Each structure stands twice: as C-alpha cells, then as structure tokens.
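# Reading the structure
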Amino acid sequence: MTFNPDAKIDSSKVSKRGRNTAIGVGAGGGLALILALVGPLLGVDLSGLAPLFEGGQSQQVTEEDLSHCDTGADANENVECRMVGAATSLDDYWKGVFARSSNVPDYVTPGFIVFESSTSSGCGMASAATGPFYCPSDGSIYLDTGFFDQLRTQFGASGGPLAEMYVVAHEWGHHIQNVLGTMNNLNLRESGPTSDSVRLELQADCYGGAWANAASTQPDGSGTTFLKPITQQQIADALNAASVIGDDRIQEASGGQVNPHQWTHGSSEQRQKWFLKGFEGGPGVCNTFGPNVDL
Ligand SMILES: [Zn+2]
C-alpha cells in the first residue's frame, strides 16, 4: 500500500481516452518537440511523433469517466486511479512550491491524458510504442498505462507503485520546466552526456525525486499526507525504474554498444543520482544547467 487510504484524490486532474479514439483533425504540419521518458529504443524513433492527418477526419474521442477514483484506497487498487492520485499529489505539491517561490510565473496545471493504444496530441499521434511523454505545445502529459507492463517485461524493471509514479513525476517535471521557461534557448537536437537534452532529462528526474519525498511528508489541507512513509523497497524500485531507462542500459539492451555521444536522457547512474538528489534536497538542488555542475 502506498497512498493513505483516506487521502482525497481528484479525478478531474486526469482524462481517460478510450480504445476507439479516432484520428484527430489536423493541427497543421510539422513535428513538434516531445519530451519522452526514454531515449530511442529497440528501433522506435522517438524524435517526433507521426504528424496528425490533416483535415477531413471526424474525431471520435471517447472520454471515459474516472469519477470512481475518489480516495487513496482507490489509487492503491487500480492503476488509473493511481494516476489520478499521482496527479492530485503532484499538482498540490508544485502549486505549493510556486506559491513559496519568488520571481516565478503563475503555476498552471498540465493536461494529463491516459489512453489505450493510440490518441492524438498537440505534438502528433501518440501510441503505446511512443512511451510516456510531455508535449510542450499543448502543455499535456500522455501516458498509456500499458507502459508499466512494458517497463517490467521489456526493460526488466522491478515495478511497484512508486516506480509508476516516478514516471508521472518525471513528465510533470517537464511541465514545470515548460512553465518556468527552462526549455527556451536550449539546443535539444544535440545529444551527448553533457548535452542540453541530458541536462533537461536529469532535472526532470530530480524534480520527480523532490516530489516523492514531499508527497509522503507534507500534509494536505486536511492533515493527511498523500503517500504513506516511503519504504526502502519503494525507493529501490523507483531508482531501478530510473536505471533501466538510462541511455547506456537501453543501448546495451538493443544489442548496440554504449555510445555516450548519442545519449539524450543520461546514463542509469546519472538518472538514479539526480532522482535521489531531488529526493534528499528538494527542487532547489535540481539545477543541472550550471557551468560547474557535476552531472
Ligand atoms: Zn523526459
């Protein structure tokens, strides 16, 4: 059990799109930048999504109701409700961080779309093969919960609820970067162990860690923390998830050699290190862009 069973969660933070979601009506050509959880893997090119088909098609988006996701107990039981729980907690956490910070823009809640098989996004068509990602142009997170099975079977992760929520927290971290303008003036087409891409990804991992610690220690309005005290096993699972999606691990798993020049997300070691750094030090220690930062 991870969530406090009586923590109140808010199903309006997540939209669920059904399996028969049709192709969206064209949103103009050109591929938009996406920020995925994992770098290119196993032949799937994540540099951009397939462009939306332009014009003509009717859109049949089936929105499914998540109002059965009401409490922490629901979040413990069901993966969709766990996404609602994670979103409620992340939103609450970051709202608070922004409120306590000076010289920051107003906090904006991201969109969070949970889907099955495929759906349209402001960055193109999303499919399960894309993996979870954040689309800056529509300010939304896209996640097929089937990815969590893939994380265990294909990547060999140990799994567990905190590992799943780390994935959400990482994507939420990209949203925070978007709100703060961190992505402006970065060169995200370049790869390599000290590239802007890697720095951006490691910072998102760090933000994920910062949230994880706070979610189990900071009470909400009614005095209940969202998460129960985090166990060593859960931290190990989250770190394990961060490690199996390190660029070096993925390069090895796909039969290639480890080539740091192609890294876009950071190594297993780096991803674990920055998650833990955020966990221990909060968002203030997540500056991965300084000139003397030891990545
Ligand atoms: Zn990312």
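Below is a summary of the structure that appears in this document. This structure is a prediction, so every number in the text was calculated from the model and none was measured.

Conventions used here
Residues numbered from 1 in each chain as written. Predicted model: local features only at pLDDT ≥ 70, side-chain atom pairs only at ≥ 80, totals over all residues. Heavy atoms only, no water. Helix = DSSP H or I, 4+ residues; strand = E, 2+ residues; numbered from the N terminus. Buried < 20%, exposed > 50% of the residue type's maximum accessible area, 1.4 Å probe, protein only. Contact = heavy atoms within 4.5 Å. Areas by Shrake-Rupley, 256 points an atom, 1.4 Å probe, with all protein chains shown as cover. Pairing = 2+ DSSP bridges. Donors = N, O, S within 2.8 Å, 3.2 Å for Na, K, Ca; no water. Tetrahedral: all angles 85-135°; square planar, octahedral: opposite > 155°, others 65-115°. Expected span 1.5 Å × (residues − 1). Salt bridge = Lys/Arg side-chain N within 4 Å of Asp/Glu carboxyl O. Axes fitted to C-alpha atoms, helices over the stretch in contact; angles between N-to-C directions. Parallel < 35°, antiparallel > 145°, perpendicular 65-115°, else oblique.

### A look at the overall build of the protein
Along the backbone of the protein there are eight helices and eight strands. In the protein, buried positions account for 53% of the 295 residues. Put simply, 74% of the contacts in the protein that link residues at least 6 apart link residues at least 24 apart. With the model as given, the accessible surface of the protein reaches about 12,300 Å², and the carbon-plus-sulfur share is 48%.

### Describing the sheet that holds strand β1 (residues 15-17)
Here we have six strands laid out as an open sheet, ordered β2-β7-β8-β4-β1-β3, and mixed in their pairing. Each edge of the sheet is formed by a strand with only one pairing partner; in this case those strands are β2 (35-36) and β3 (63-64). Of the pairings in the sheet, the one linking β1 to strand β4 (residues 111-115) comprises three bridges and is parallel in character. Bridge pairing in β4 links Arg-17 to Phe-115.

### What about unusual backbone geometry?
Within the chain, Asn-103 stands out as a residue other than glycine whose phi angle is a positive 55°. Looking at the element boundaries, Asn-103 is found in the loop between α2 (79-100) and β4. One non-glycine residue, Ser-117, lies in the positive phi region at around 60°. By secondary structure assignment, the location of Ser-117 is in the loop between β4 and β5 (118-121). Looking at Ser-117, the relative accessible area reads 30%, which means it is partly exposed.

### Quick word on the coordination of the zinc ion
As a benchmark, a tetrahedral metal site with four donors has ideal angles of 109.5 degrees, while an octahedral site with six donors has ideal angles of 90 or 180 degrees. Ligation of the zinc ion by protein atoms is provided by Ala-36 (O), His-170 (NE2), His-174 (NE2) and Glu-201 (OE), these donors lying 1.9 to 2.6 Å from the ion. Coordination at the zinc ion is tetrahedral: its four donor atoms span angles of 93 to 132° at the metal. Written as a sequence motif, the donor arrangement for the zinc ion is A-x133-H-x3-H-x26-E. Residue His-170 and its partner His-174 are located together in helix α4 (residues 161-180), separated by four residues, close to a single helical turn.

### Comments concerning helix α6 (residues 232-244)
An α-helical segment advances 3.6 residues per turn. Residues three or four places apart therefore align on the same side. With 13 residues, α6 should reach 18 Å at 1.5 Å per residue; the first-to-last C-alpha distance of 18 Å fits that figure. Listing the buried residues of α6 in full gives Gln-234, Ile-235, Asp-237, Ala-238, Leu-239, Ala-241, Ala-242, Ser-243 and Val-244. Against α3 (147-153), α4, α7 (247-253) and α8 (268-281) lie the buried residues of α6.

### Concerning the pattern of salt bridges
Taken as a whole, this structure holds twelve salt bridges when the rule is applied. Between Glu-63 and Arg-17 there is a salt bridge, with its nearest N and O atoms 3.9 Å apart. Of this pair, Glu-63 sits in strand β3 while Arg-17 sits in strand β1, and the two are 46 residues apart along the sequence. On the basis of relative accessible area, Arg-17 is assigned to the buried category, the value being 13%. The salt bridge partner of Glu-164 is Arg-82, with a shortest N-O separation of 2.9 Å. Of the two residues, Glu-164 is situated in helix α4 and Arg-82 in helix α2; the sequence distance between them amounts to 82 residues. The residues Glu-164 and Arg-82 share a single accessibility class, namely buried. Look at the salt bridges and you will find they share partners, linking Asp-10, Lys-13, Asp-91 and Lys-95 into a network.

### Side note on the pairing of strand β6 (residues 124-127)
In terms of strand pairing, β5 meets β6 through four bridges, oriented antiparallel. Counted as the bridge partner of Ser-121 is Gly-124 from β6.

### Describing the packing of α2 against helix α5 (residues 196-215)
Relative placement of two packed helices is described by the angle separating their axes and the distance separating the axes. Interhelical geometry of α2 versus α5 gives an angle of 100° and a closest axis separation of 10 Å. What the angle tells us is that α2 and α5 run roughly perpendicular. Side by side, α2 and α5 meet where Ser-89, Leu-90, Tyr-93 and Trp-94 of the first sit next to Tyr-207, Ala-210, Trp-211, Ala-214 and Ala-215 of the second.

Everything listed is a geometric property; what it means functionally is a separate question.
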